[in-house]
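# Structure assessment
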Amino acid sequence: MSAPDLIIPTIETEHYILKPLEHKHAEALFLFLSDKKTMQFITPHPVKTLAELEDQINEQLAAFENKKEIPWVIQDKATHSIVGTIRFHKLRSWHRSCEIGVVLSPHFQQKGVMTEIMPFLLDYGFKRLRLNRIVGDIFAGNQGSRRLLERFGFQKEGVMRQTDFDGERFHDTVVYSMLKEEYELRMASGTIDSRK
């Protein structure tokens, strides 16, 4: 990935807009990023204050400047409200790989948000960033994310046993990935829509 390629683009789908993460989004994000149930498959220690969240935004924007991350917020077109976050993180330019991280507001979970957005993310990752590998590394209990990744053809690579501790118990994590060649095959077969 060359330096000009690494931007935070605005990506528009039928019902949503992915916008570059900014500090002005902190208050809207805090409403669900501070909720323990919403964050149960992300971290056992969600942010407790707006200042903590602003520090996290600083870290994500610094990671973007260091070409390690691309962070977005998801805006609902109908209400203009911020309903989630998406990021490409652990970007490795030499290996041309990254992981996807997503958090949705509880009111927008299981509503098809990611089903609509995912083709655009894959298009951006494989075509614009020229990635070779995109990874979903999720808690084994995160059934919604597992179904989403499997629906789009991500391959299950394996289970890492008891990798994460939530303060009460250990969780296995499941690693899924999609390679560029697999994406191109699915595009050619019409399994994934082409996005310009």
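Structural notes, computed from the coordinates. All of these numbers come straight from a predicted model, not from anything done at the bench. (Residues numbered from 1 in each chain as written. Predicted model: local features only at pLDDT ≥ 70, side-chain atom pairs only at ≥ 80, totals over all residues. Heavy atoms only, no water.)

Of the regular secondary structure elements, the protein chain holds 5 helices and 8 strands. Secondary structure elements of the protein chain occur, N-terminal to C-terminal, as β-β-α-α-β-β-β-α-β-α-β-β-α. Computed over the C-alpha atoms, the radius of gyration of the protein chain is 16 Å, within 12% of the 16 Å expected from 2.2 N^0.38 for a compact globule of 196 residues. Dimensions of the protein chain, computed from the C-alpha atoms along their principal axes, are close to 45 × 35 × 35 Å. Expressed as a percentage of its 196 residues, the buried residues of the protein chain come to 43%. Expressed as a percentage of contacts within the protein chain between residues at least 6 apart in sequence, the contacts between residues at least 24 apart total 59%. (Helix = DSSP H or I, 4+ residues; strand = E, 2+ residues; numbered from the N terminus. Rg over C-alpha atoms; globule rule 2.2 N^0.38 Å. Buried < 20%, exposed > 50% of the residue type's maximum accessible area, 1.4 Å probe, protein only. Contact = heavy atoms within 4.5 Å.)

Looking now at the packing of helix α3 (residues 113-128) against helix α4 (residues 143-151). The relative placement of two packed helices is expressed as an angle between their axes plus a distance between the axes. Closest axis-to-axis distance for the α3/α4 pair is 11 Å, and the angle between their directions is 40°. With respect to α4, the element α3 is oriented oblique. When you trace α3 past α4, the crossing you get is right-handed. In this structure, α3 contributes M114, T115 and M118 to the contact, and α4 contributes L148, L149 and R151. Grouping the constituent residues of the contact of α3 with α4 by class yields 4 nonpolar, 1 polar and 1 charged. (Axes fitted to C-alpha atoms, helices over the stretch in contact; angles between N-to-C directions. Parallel < 35°, antiparallel > 145°, perpendicular 65-115°, else oblique. Left-handed = near helix turned anticlockwise from the far one by under 90°. Nonpolar A, V, L, I, M, F, W, Y, C, P; charged D, E, K, R; others polar.)

A few words on the sheet that holds strand β1 (residues 11-12). The strand order β1-β2-β3-β4-β5-β6-β8-β7 describes an open sheet built from 8 strands, whose pairing is mixed. Every interior strand has two partners, whereas the edge strands, β1 and β7 (155-165), have only one. Sheet topology places strand β2 (residues 16-20) next to strand β3 (residues 69-76); 5 bridges connect them, and they run antiparallel. Paired with K19 across the two strands is V73, which belongs to β3. Relative to strand β4 (residues 82-92), helix α1 (residues 26-33) is tilted by about 90°, and along the sheet it contacts β3, β4 and β5 (97-104). Contacting β7 and β8 (170-179), helix α5 (residues 180-189) crosses the sheet at an angle of about 65° to β8. (Pairing = 2+ DSSP bridges.)

The next point concerns α4. Every buried residue of α4 is listed here: R146, L148 and L149. When α4 is viewed along its axis, its buried side chains cluster within an angular range of 165° and face the same direction. The exposed set on the far side of α4, more than 90 degrees from its buried face, consists of R147 and R151. As for α4, its buried residues are in contact with α3, β6 (133-139), β7 and β8. (Arc of directions from axis to C-beta.)

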